[in-house]
Amino acid sequence: MPARTLRAAPAVLFLALALPACSATAPTPAPSQPLRAALVTPTDIDLNWTDGRPDVAGHVLEFATAETGPYTPLQYLARHVTTYRHPDLMPHTTFVYRLRAYRGPASAPVRVDLPPGKPTAADENSPHDWLPPRDRPGPRGARHALRTGSAAPGELRAVIKHANGIHFTWRDNSSDEDGFLLEIRRTGGGAYEPVAVLDPDVDSTGLITLPDEKHASYRVRALVLGERSQAVRLTTGE
Amino acid sequence: MHARLRTLVVTTAVCGSSLLAAPHALAEVEPGGWQSVSPTHTVQERGCGQVDGLTFRLTCSTASGDQRAERRYATYTGGTRQFEGSFRVTSLSGTRISLKQTFHESGSGPYFMLAVERGGRLYAVHGGATLSTAGTVGATVRVNTVHEVGREHRTYINGSLKHTYASPGGSFYDKFGAYRTNSGSGPATVEWSGIRFWRK
């Protein structure tokens, strides 16, 4: 299948996404609620929290089974997500959770409409060397610190590789990022949600989509990790 | 919230902090009574497989033959065994790479195989059950397997039970690394960490 390059959607879409943060009257920050955990069945734990700080883009939810760690990231969660169910857990095991905030600006979005169906056998067997995240060689432009100003990734491009494959590239404009998030908003879906987390300096990655992702918009966010919440712990039953 | 995140990196920033004081060795996984053990292992490199510490690489796209980079641990013959480890697939241009096996040495061979498809679906090779979609390039994923020899083999991904499999008796051993399945091929690079074993 010939590759097609998709350019960023009209700026009006980006402006629409940004408007809530640009109203003339600064919104009153929503109240924050610390991380809470509840054992809703002997082996299911529900977590909830709120974070009213307007600059927080989302949270990383981490878990461990020893209070000293090591902690494993369960999921990167967009700002609008304030609940998480950790299901079917190991019985008679202590689970410890904490949240870590992340911040950073996102690129303009790009819309991708994949062809119907599945990849052909030839597609499946073709080299997928476009898939691994990488830092492309070549000269770099000026970069700016995320912690002291805005340095959103630029020039996001998406090339359709086959019925389930997309190759993304962008310009890394930040000098101090902890990584990048590739975010997706499915057609008919609500807000953008993280779909991949990438190392610092990466400016190219592939994505193999799932069946409900044939039509979606994507954007890339440069992120810096922030402060951690308090830890909460619960012990599962039988 | 969509229950899938294909890539989770920035691991150095989220591991190892000490917020509360408790001995690490006393971590309980499933009902207590576990005894920490340190089985011996050998390193296996076949075909284009390369092992460097806990980094396992398949450097070729060869879709046939024995292509593997693994650690093979000591044989056990009874009781209940637990394996714990975390892996991160740092590159996967190939597909269907086995990451962890429980091997039935006195039986039919690879009794349980946890593998990853291109795109990140973790699956059990025997039966094809999808275990998780959180296994793609860059993701840090924790695996626990609990094996009651002669009764049951359970696999937990990030703490959640994802696979239960009846177990025969006999002799078994644990393996992990990167191993081409019958229908798969590299290249692939897998980094493992936090390997621990218990018995009771």
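Residues numbered from 1 in each chain as written. Chains lettered and ligands numbered in written order. Predicted model: local features only at pLDDT ≥ 70, side-chain atom pairs only at ≥ 80, totals over all residues. Heavy atoms only, no water.

### Details of the overall build of chain B
We apply this condition: A run of DSSP states H or I qualifies as a helix once it reaches four residues; a run of E qualifies as a strand once it reaches two. Both are numbered from the N-terminal end. Areas reported here follow the Shrake-Rupley algorithm with a probe of radius 1.4 Å; residue values treat only the protein chains shown as occluding.
Along chain B, the regular secondary structure elements total 0 helices and 15 strands. Only carbon and sulfur atoms are counted for the fraction: they give 48% of the accessible area of chain B, which is about 7400 Å².

### Examining the overall build of chain A
The condition is simple: Buried means the residue's accessible area, taken with a 1.4 Å probe over protein chains only, is under 20% of the maximum for its type, while exposed means over 50%, and partly exposed covers the values in between. Every residue pair with non-hydrogen atoms within 4.5 Å of one another is taken to be in contact.
What chain A contains, in helices and strands, is 2 helices and 15 strands. Across the 238 residues of chain A, 52% fall into the buried class. In chain A, of all internal contacts separated by at least 6 residues, the share reaching a separation of at least 24 is 76%. Carbon and sulfur atoms make up 57% of the accessible area of chain A, which amounts to about 10400 Å² in all.

### Here's the deal with the nonpolar core
The test is simple: Each nonpolar core is a collection of buried residues, namely Ala, Val, Leu, Ile, Met, Phe, Trp, Tyr and Cys, held together in the definition by side-chain atoms within 4.5 Å.
Core analysis: the largest hydrophobic core is formed by 33 residues, its most contacted members being Phe87, Leu99, Leu114, Leu122 and Trp192 of chain B. Contact partners of Leu99 of chain B, with chain neighbours within four places excluded, come to Phe87, Val89, Leu114, Ala115, Val116, Leu122, Lys175, Phe176, Gly177, Val190 and Trp192 of chain B.

### Re the side chain of Ser204 of chain A
Residues and elements named next belong to chain A. For the record, the criterion: Nitrogen and oxygen atoms within 3.5 Å of one another constitute a polar contact, given that in protein one can donate a hydrogen and the other can accept it, and given that sequence-neighbouring residues count only through two side-chain atoms.
Counting through the fold element by element, Ser204 comes out in strand S13 (residues 204-208). At 2.8 Å, the side chain of Ser204 forms a polar contact with the side chain of His167. Not counting residues within four places of it along the chain, the set of residues in contact with Ser204 comprises Pro132, Pro133, Arg134, Arg136, His167, Phe168, Thr169 and Trp170.

### Quick notes on the state of the cysteines
All names here are of chain B. Applied cut-off: What counts as a disulfide here is a pair of cysteine sulfur atoms lying within 2.5 Å.
Counted under the stated rule, the structure contains 1 disulfide over all chains. The side chain of Cys48 participates in a disulfide bridge whose partner is Cys60; the two sulfur atoms lie 2.2 Å from each other. With the S-S bond torsion at -65°, the cross-link from Cys48 to Cys60 turns out left-handed. Of the two residues, Cys48 sits in the loop between strand S2 (41-46) and strand S3 (49-52) while Cys60 sits in the loop between strand S4 (55-58) and strand S5 (68-73), which places them 12 residues apart along the sequence.

### Thoughts on the confidence of the model for chain A
Residues and elements named next belong to chain A. As a reminder of what qualifies: As a per-residue measure, pLDDT reflects the predictor's confidence and takes values from 0 up to 100.
Of the residues in chain A, 87% have a pLDDT of 70 or more, and the chain-wide mean is 86. Within chain A, no element has a lower average pLDDT than helix H1 (residues 11-18), which sits at 31, and none a higher one than strand S8 (residues 110-113), at 98. The low-confidence segment residues 1-24 (pLDDT under 50) makes 39 contacts with residues lying over four places distant or belonging to another chain.

### Notes on the sheet that holds strand S6 (residues 83-86) of chain A
Residues and elements named next belong to chain A. Heads up, the condition is: Two strands pair under a simple rule: DSSP has to find at least two bridges between them. A fitted line through C-alpha atoms serves as each axis, taken over the contacting stretch for helices, and the angle formed by two N-to-C directions is quoted from 0 to 180°.
Taken together, the 3 strands give an open sheet; going across it, the order is S2-S3-S6, and neighbouring strands pair in antiparallel fashion. Unpaired on one side and paired on the other, strand S2 (33-41) and S6 mark the two borders of the sheet. The mean angle between the axes of side-by-side strands here comes to 15°, regardless of whether they run parallel or antiparallel. Examined bridge by bridge, strand S3 (residues 44-50) and S6 share 4 bridges and lie antiparallel to one another. Each residue of the ladder has a partner; that of Leu47, found in S6, is Tyr84.

### A word on the domain arrangement of chain A
Residues and elements named next belong to chain A. Our working rule: Segmentation of the chain into domains, including their bounds, is taken from an automatic or database domain assignment. Take the accessible area each of two parts loses on contact, using a 1.4 Å probe, and add the two losses: that sum is the buried area.
Each assigned domain of chain A is listed here: domain 1 (35-103 + 226-236) and domain 2 (110-225). The gap between the C-alpha centroids of domain 1 and domain 2 is 26 Å. Taken together, the 11 residues of domain 1 in the interface contact 11 residues of domain 2. Here domain 1 meets domain 2 over a buried area of about 860 Å², counting both sides, of which 66% is carbon and sulfur.

### Focus on the confidence of the model for chain B
Per-residue pLDDT for chain B has a mean of 82; in total, 83% of the residues score no lower than 70. Taken over the whole predicted complex, pTM reads 0.83, whereas the ipTM for its chain interfaces reads 0.80.

### Here we look at the environment of His163 of chain B
Residue and element names in this part refer to chain B. Among the secondary structure elements, His163 is positioned in strand S13 (residues 160-166). In sequence terms His163 and His153 are 10 residues apart; their C-alpha atoms lie 8.1 Å from each other. Once residues within four sequence positions are removed from consideration, His163 is found in contact with Phe112, Ala124, Ala129, Leu131, His153, Arg154 and Thr155.

### Observations concerning the pairing of strand S7 (residues 94-103) of chain A
All names here are of chain A. The buried count for S7 comes to 10 of 10 residues, which makes it a mostly enclosed element. Here S7 shows a buried face lined by Thr94, Val96, Arg98, Arg100 and Tyr102 and a second buried face lined by Phe95, Tyr97, Leu99, Ala101 and Arg103. Judged from the 4 bridges that link them, S7 and strand S15 (residues 232-235) form a sheet pairing that is antiparallel. Within the sheet, the bridge partner assigned to Phe95 lies in S15 and is Leu234. In this structure, S7 lies alongside strand S14 (residues 215-228), joined through 3 bridges in antiparallel fashion. Residue pairing for S14: Tyr102 is matched across the bridge by Leu225.

### Considerations on the environment of Gln44 of chain B
All names here are of chain B. As for its placement among the helices and strands, Gln44 is situated in strand S2. Once the C-alpha coordinates of Gln44 and Arg72 are considered, the two residues, 28 residues apart in sequence, prove to be 7.0 Å apart. Those residues in contact with Gln44 that sit more than four places away from it in its chain are Val51, Arg68, Ala69, Glu70, Arg72 and Lys175. One polar contact links Gln44 to Arg68, side chain to side chain, over a distance of 3.2 Å.

### What to know about the sheet that holds strand S8 (residues 109-116) of chain B
Each strand in a sheet pairs with its neighbour through backbone hydrogen bonds, running either in the same direction (parallel) or in the opposite one (antiparallel). Residues and elements named next belong to chain B. Read across the sheet, 7 strands follow the order S2-S5-S14-S7-S8-S9-S10 without closing on themselves; strand pairing throughout is antiparallel. In this open sheet, the two strands that pair with only one neighbour each are S2 and strand S10 (130-132). On average, each strand axis in the sheet is tilted by 25° relative to the strand beside it, whichever way the strands run. Where S5 and strand S14 (residues 172-185) come together, 5 bridges link them in antiparallel fashion. Of the residues in S14, the one forming a bridge with Arg68 is Tyr179.

### Some details on unusual backbone geometry
Between Gly69 of chain A and Pro70 of chain A the backbone carries a cis peptide bond, its omega angle lying at 5°. Note that Pro70 of chain A resides in the loop between strand S4 (58-64) and strand S5 (72-78). Cis geometry marks the peptide bond from Gly186 of chain B to Pro187 of chain B, where omega comes out at -5°. Structurally, Pro187 of chain B is set in the loop between S14 and strand S15 (188-199). Notably, Asp88 of chain A is not glycine yet its phi reads approximately 50°, a positive angle. Inspection of the secondary structure puts Asp88 of chain A in the loop between S6 and S7. Phi is positive for Asn158 of chain B, which is not a glycine, with a value near 50°. Along the chain, Asn158 of chain B falls in the loop between strand S12 (152-157) and S13. Assessed through its relative accessible area of 7%, Asn158 of chain B is described here as buried.

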